[in-house]
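What follows is each chain in one-letter form.
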Amino acid sequence: MRRSLGKKRFDLDVERNMSLFNKVYGDKEVYGAVARRIEENYDEIKRYAILLLKGRWKALTKLPSIDVLSATALSLATAKLRFAERGMSEEIFFDTMSDIKIWGEDCRRHFGEIGLMEMNWIRLHIACRIFKIGRLQYQKSRYYLSAHAFGAISFGQKCFNIHIPRGGRLDREACVDSLRRAVDVFSKCFPKIRRDVMMCHSWLLGKPNACFIKKGSNIADFANLFEIVGETDRACDHFRWIFDINIADRVLQDNKRKKGFYYDLSEYSPNTSLQEGAKQYIMSGGQLKDGKGVIFVDKIINR
């Protein structure tokens, strides 16, 4: 029989939560910093962990990053129970929570501090609204992309939104395997949510990418899995995920209007062919867009 905490009770036992955090993050320095912070200020960290578990995550956005990471760590036991109550395996739980380390290391790399800042994203993991199954992530959502989706899905219908986490190659076979596994899991755990049609809104689906991404590359093959139903004039995600440059889209768009290019990459030294191609394209005045796509899952996994 599964142990249930009910709607208003949470497992805030430090030892259980820190044991899970150690498995999720696997870094002695980070573990030590979080453990000390919880020991020094348990009552306050506990209060914010409860707010996070109740869905009141915005209260954490004003905290120091170490406190955000500590409150997240203290929420893991309850999150794990939530996954179990929905029929999710431990493998899916730990794979999903691996995002905590990805974004924790992003914080350490860019700001030189141990902590976490992406609370608007990680709160979905704690709330059991997003799941990493194989290479891809799947978010419980409602369709919102376009009224024209080949008549396959309507605005507001429950479906899954696909995300592509950092780490690993975006191999087509791995993506198809992820879709196949996700359909099997969701048919048991979320039978009322559509699984035959899923959506994705990403820079990876932008049509202008074809100007600098090699045909037959993993990114091109991934984009070809989708039928594009719309696009957004955005460049910030390209800069963040291709060049690791985090800059507001309004600044990039303003630069494009005034200078003819989004950002001066003339001194940037590419390390990959993707970076080299994107740099040349951007500096020559190329346009960047995010793509909005739908994927007909049964068609893909049954090929």
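Residues numbered from 1 in each chain as written. Predicted model: local features only at pLDDT ≥ 70, side-chain atom pairs only at ≥ 80, totals over all residues. Heavy atoms only, no water.

J.: How do you make sense of the pattern of salt bridges when you look at a structure like this?
T.: Where charged atoms of side chains with opposite charge meet at close range, the side chains can pair. Summed over the entire model, instances satisfying the criterion amount to 21 salt bridges. Among the ionic pairs, Arg109 bridges to Asp244, the shortest N-O distance being 3.3 Å. Here Asp244 lies in the loop between α10 (236-243) and α11 (249-259) and Arg109 lies in helix α6 (residues 90-111), a separation of 135 residues in the sequence. The exposure class of Arg109 is partly exposed, given its relative accessible area of 45%. (Salt bridge = Lys/Arg side-chain N within 4 Å of Asp/Glu carboxyl O. Helix = DSSP H or I, 4+ residues; strand = E, 2+ residues; numbered from the N terminus. Buried < 20%, exposed > 50% of the residue type's maximum accessible area, 1.4 Å probe, protein only.)

J.: Would you mind going over the sheet that holds strand β6 (residues 290-296) with me for this structure?
T.: By way of backbone hydrogen bonds, the strands of a sheet pair with one another, either parallel or antiparallel. The six strands are arranged β1-β2-β3-β4-β6-β5 in an open sheet whose pairing can be described as mixed. If you trace the sheet from one side to the other, it starts and ends with β1 (130-133) and β5 (227-232), each paired once. Direction aside, the axes of adjacent strands within the sheet are offset by 30° on average. With six bridges joining them, strand β4 (residues 197-202) and β6 adopt antiparallel strand pairing. In the strand pairing of β6, Met199 is matched with Val294. (Pairing = 2+ DSSP bridges. Axes fitted to C-alpha atoms, helices over the stretch in contact; angles between N-to-C directions.)

J.: I keep staring at the environment of Met199 and nothing clicks. Help me out?
T.: As for its position among the elements, Met199 is in strand β4. For Met199, the contacting residues outside a window of four places in its chain are Ser141, Arg142, Tyr143, Tyr144, Leu145, Cys159, Phe160, Asn161, Ile162, Gly293 and Val294. (Contact = heavy atoms within 4.5 Å.)

J.: Help me out: how do you make sense of the layout of surface pockets in this one?
T.: The computed volume of the second largest pocket comes to approximately 270 Å³. Together, 15 residues line the second largest pocket, and Gly206, Ala210, Ala220, Ala223 and Asn224 are the ones closest to its centre. Here the element with the most residues in the lining of the second largest pocket is helix α9 (residues 218-223); it accounts for three residues. (1 Å grid on protein atoms, 1.4 Å probe; cavity = no way out; pocket = protein on both sides within 12 Å on 5 of 7 lines; lining within 4 Å. Points joined across faces, edges and corners; volume = space filled by probe spheres on them.)

J.: Please explain the confidence of the model for the protein as it appears in this structure.
T.: When pLDDT is low, close inspection of the predicted coordinates is not appropriate. Averaged over every residue, the pLDDT of the protein is 93; the share at 70 or more is 96%. Every residue in residues 1-7 scores below 50 in pLDDT, and together they form 14 contacts with partners more than four places removed in sequence or on other chains. (pLDDT = per-residue confidence, 0-100.)

J.: Please explain the packing of aromatic side chains as it appears in this structure.
T.: Two aromatic rings, taken as a pair, are described by how far apart their centres are and by the angle between their planes. Applying the stated criterion to the full structure yields 18 aromatic pairs. With a centroid separation of 5.5 Å and 40° between ring planes, the pair formed by Phe21 and Tyr25 is classed as tilted. Pair noted here: Phe21 and Tyr25 are both in helix α1 (residues 14-25), with a separation of four residues, about one helical turn. Summarising the burial analysis for this pair, Phe21 and Tyr25 share the class buried. Seen from their ring centres, Phe239 and Tyr263 are 5.8 Å apart, and the 70° between their planes marks the pair as edge-to-face. (Phe/Tyr/Trp six-rings, centres within 6.5 Å; stacked < 30°, edge-to-face > 60°.)

J.: Can you walk me through the pairing of β4 in this structure?
T.: Consecutive side chains along a regular strand alternate between the two faces of the sheet. Counting buried residues along β4, five of its six residues qualify, which places the element largely inside the surrounding structure. Pairing between strand β3 (residues 158-163) and β4: two bridges, direction parallel. Pairing of Asn161 across the sheet is with Met199, part of β4. Handedness of the β3-helix α8 (residues 172-189)-β4 crossover: right-handed. (Right-handed = clockwise from strand over helix to strand, strands pointing away.)

J.: Help me understand the environment of Ala248, please; the structure alone is not making it clear to me.
T.: Structurally, Ala248 is set in the loop between α10 and α11. Taking the C-alpha atoms as reference, Ala248 lies 28 Å from Glu227; in sequence the two are 21 residues apart.

J.: What is the right way to look at the side chain of Thr96 in this model?
T.: Inspection of the secondary structure assignment puts Thr96 in helix α6. A relative accessible area of 1% places Thr96 in the buried class. When near neighbours in sequence (up to four residues on either side) are disregarded, Thr96 contacts Phe83, His125, Ile130, Phe131 and Lys132.

J.: How should I be thinking about unusual backbone geometry in this particular structure?
T.: Residues apart from glycine generally show negative phi values, whereas peptide bonds are mostly found in trans. Even without a glycine there, the phi angle at Cys128 is positive, about 60°. Although it is not a glycine, Asp244 sits at a positive phi angle of roughly 60°. Judged by relative accessible area, Asp244 falls into the partly exposed class, the value being 32%.

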